[in-house]
Amino acid sequence: MAQLSFKAAGLAMGVTGTLAFAAPALAQQDTEAMQRQLDSLRAQVERMEQQLDAQQSTTTADSGQATAQTRDLAEENRSLIESIQNSQFSGTLQLKGVYNDWDQVDKDTGGDMNFGKFTLGVDGQHGDFLYSFEYRFYDGYQFLKKGWMGYQASANDTVKVGLVQTPFGNMDYGYLGWYGTLPYLAGFNDNQNAGIKWDHTQGAWDTSLAFFKSDQLGDGNEHYGANPVGSSAQGNTAENQLAGRVAYTFGQGTDYTTEINFSAKGGQLYNNQTNDSGSNWQAAVGLNGSYGSWLTQLQATAYEYDAENPANSGISDDVMQIGAFGFNYLIPAEGQMYSASVGYSMNVDWGDIDNLYFYNDFSYISPEGDYTPVNGGFGESVDDPMLNDLGMKVTAGPYYAWFSVVSNKNALGYFGSPTDGDWHTSVQTNFGLNF
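Predicted, not measured: the structure shown is a model, and the values here were computed from it. (Residues numbered from 1 in each chain as written. Predicted model: local features only at pLDDT ≥ 70, side-chain atom pairs only at ≥ 80, totals over all residues. Heavy atoms only, no water.)

1. Details of the overall build of the protein
Point 1. When you go through the protein residue by residue, the secondary structure sums to 5 helices and 19 strands.
Point 2. Per-residue burial over the protein gives 42% buried out of 435 residues.
Point 3. In the protein, the proportion of contacts linking residues at least 24 apart, taken out of those at least 6 apart, comes to 61%.
Point 4. If you sum the accessible surface of the protein, you get close to 22,300 Å²; carbon and sulfur atoms cover 56% of it. (Helix = DSSP H or I, 4+ residues; strand = E, 2+ residues; numbered from the N terminus. Buried < 20%, exposed > 50% of the residue type's maximum accessible area, 1.4 Å probe, protein only. Contact = heavy atoms within 4.5 Å. Areas by Shrake-Rupley, 256 points an atom, 1.4 Å probe, with all protein chains shown as cover.)

Encoded structure:
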């Protein structure tokens with residue numbers, strides 16, 4: 001506004017100067033005529049000042065409107081920006097080496113090296129809303145490992161909807177090594193089902209309740225965690241399941257803790273071929289200990305599948321056909337499973353290597369009645385299945401390598417191991433990069 005006033009003053013001085021130089025001539029003119037000219041010039045100056053003021057006001061208004069529009073746009077995108085900032089993206093690229101003592105090709109070549117897996121995941125939070133997603137790619141198949149949306153109802157309560165982990169047994173995995181245990185291979189530990197779950201923590205207590213509409217997203221066997229396979233010859237699928245778990249941790253908040261947990265799950269066992277419904281149930285008691293650098297897990301599981309199987313499936317009623325990772329196999333329809341694990345973590349400073357981890361997982365199955373995992377479950381019964389995984393993990397920043405010696409006896413015929421009453425060994429190396 002000061003700049004405009006100087007311009008107007010300059011214009012007025014110019015007009016006044018002109019009149020001063022013309023004074024001798026104007027003295028001869030009529031005084032009233034001169035006054036009219038002065039009034040006219042003043043009016044023009046006032047109009048010019050008004051125009052300049054209006055022009056500045058318009059510019060200021062336009063600038064303010066642009067600023068407001070920018071602010072509105074930023075506000076609209078703030079929610080998206082915050083969600084991206086609060087998201088954690090992760091992934092794994094892994095290769096796998098295998099030597100099986102029952103495979104003649106492996107004996108001739110010293111084993112084989114294959115693609116292991118490639119995973120992509122995202123975890124995040126926006127306000128009280130949570131989300132988690134992981135997709136996996138293997139050689140020849142792929143699947144959603146987990147995918148859920150959640151709500152933090154309070155500091156102690158969370159609700160999750162989607163493909164979530166079943167609250168059962170020792171969590172998160174139920175084993176301490178790489179390969180797993182028989183309860184894991186049977187679909188009891190570290191399993192994902194489709195439904196809704198409520199988690200509650202209160203001091204040393206942890207409680208979870210869940211309802212699962214389906215065991216998986218689909219009836220195939222290309223998924224993580226074993227379940228009855230609706231598209232199999234036997235045709236069973238677990239539907240409308242209820243699950244609950246309660247745990248208490250002694251020494252909560254210290255370096256020496258012992259968790260005792262109890263869990264149960266059961267519900268409808270629907271057969272896609274007979275269109276009849278049977279039932280299933282499973283229950284477990286577990287111990288999960290952490291004592292400085294030492295870890296231990298113990299678990300006892302009892303279960304039963306009471307299925308309405310088709311008469312001509314070629315699969316015995318004494319077994320349940322389950323599947324995972326694109327592979328179907330047979331477990332006893334009723335029995336008990338036991339597992340024991342121990343692990344030791346040691347931090348080191350060996351160049352880029354920062355941790356060595358040693359572990360052993362042992363498990364076995366005690367079937368109710370006769371059981372064989374071959375020939376559709378028919379034929380001569382085998383000794384109780386047993387599985388042991390002894391190994392170590394080497395970590396160097398984002399790089400890792402697992403070395404496992406997996407030995408089994410009659411252990412479900414999993415991934416081709418013979419079921420002949422003898423012990424068989426698979427030496428496995430898995431190495432990769434986490435990012």
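And the narrative resumes.
2. Some details on unusual backbone geometry
Negative phi values dominate among residues other than glycine, just as trans dominates among peptide bonds.
Point 1. Residues methionine 171 and aspartate 172 are joined by a peptide bond in cis, for which omega reads 5 degrees.
Point 2. In this structure, aspartate 172 sits in the loop between β5 (157-165) and α5 (182-185).
Point 3. One non-glycine residue, asparagine 240, lies in the positive phi region at around 50 degrees.
Point 4. In this fold, asparagine 240 is placed in strand β9 (residues 236-250).

3. A few points about the side chain of threonine 166
Point 1. Assignment of secondary structure puts threonine 166 in the loop between β5 and α5.
Point 2. Dropping the residues within four chain positions of it, threonine 166 is found in contact with Met171, Asn191, Gln192, Asn193, Phe212, Ala243 and Lys265.

4. Brief notes about the environment of valine 406
Point 1. Mapping valine 406 onto the fold places it in strand β18 (residues 399-409).
Point 2. Spatially, the C-alpha atoms of valine 406 and histidine 424 are 8.3 Å apart, while their sequence positions differ by 18 residues.
Point 3. Look past the residues within four positions of valine 406 in its chain and what remains in contact with it is Tyr179, Leu387, Asn388, Asp389, His424, Thr425 and Ser426.

5. As for a nonpolar patch on the surface
Point 1. Residues Leu93, Leu95, Met113, Phe115, Leu120, Phe431 and Phe435 make up a contiguous nonpolar surface patch of about 610 Å² in total accessible area.
Point 2. The biggest single contributor to the nonpolar patch is strand β2 (residues 112-126), with 3 residues.
Point 3. Along the chain, leucine 93 falls in strand β1 (residues 88-100).
Point 4. Using a relative accessible area of 43% as the deciding quantity, one classes leucine 93 as partly exposed. (Patch = residues over 30% accessible without salt bridge, like charges linked within 9 Å, V, L, I, M, F, W, Y side chains within 5 Å. Salt bridge = Lys/Arg side-chain N within 4 Å of Asp/Glu carboxyl O.)

6. Considering the packing of aromatic side chains
Point 1. Enumeration over the complete set of coordinates arrives at 25 aromatic pairs.
Point 2. Plain terms: the ring middles of tyrosine 303 and tyrosine 305 are 6.1 Å apart, the flat faces sit at 65 degrees to each other, and that makes the pair edge-to-face.
Point 3. Its relative accessible area of 1% is what places tyrosine 303 among the buried residues.
Point 4. Ring pairing ties together the aromatic residues Tyr138, Tyr141, Phe143, Tyr173, Tyr175, Tyr184, Tyr224 and Phe325, which thus form one cluster.
Point 5. Just above the ring of tyrosine 224 sits the side chain of lysine 145; from NZ or CZ to the centre is 4.7 Å.
Point 6. Directly above the ring of tryptophan 148 sits lysine 160, whose terminal nitrogen or CZ lies 4.4 Å from the centroid. (Phe/Tyr/Trp six-rings, centres within 6.5 Å; stacked < 30°, edge-to-face > 60°. Lys NZ or Arg CZ within 6 Å of the ring centre and 35° of its normal.)

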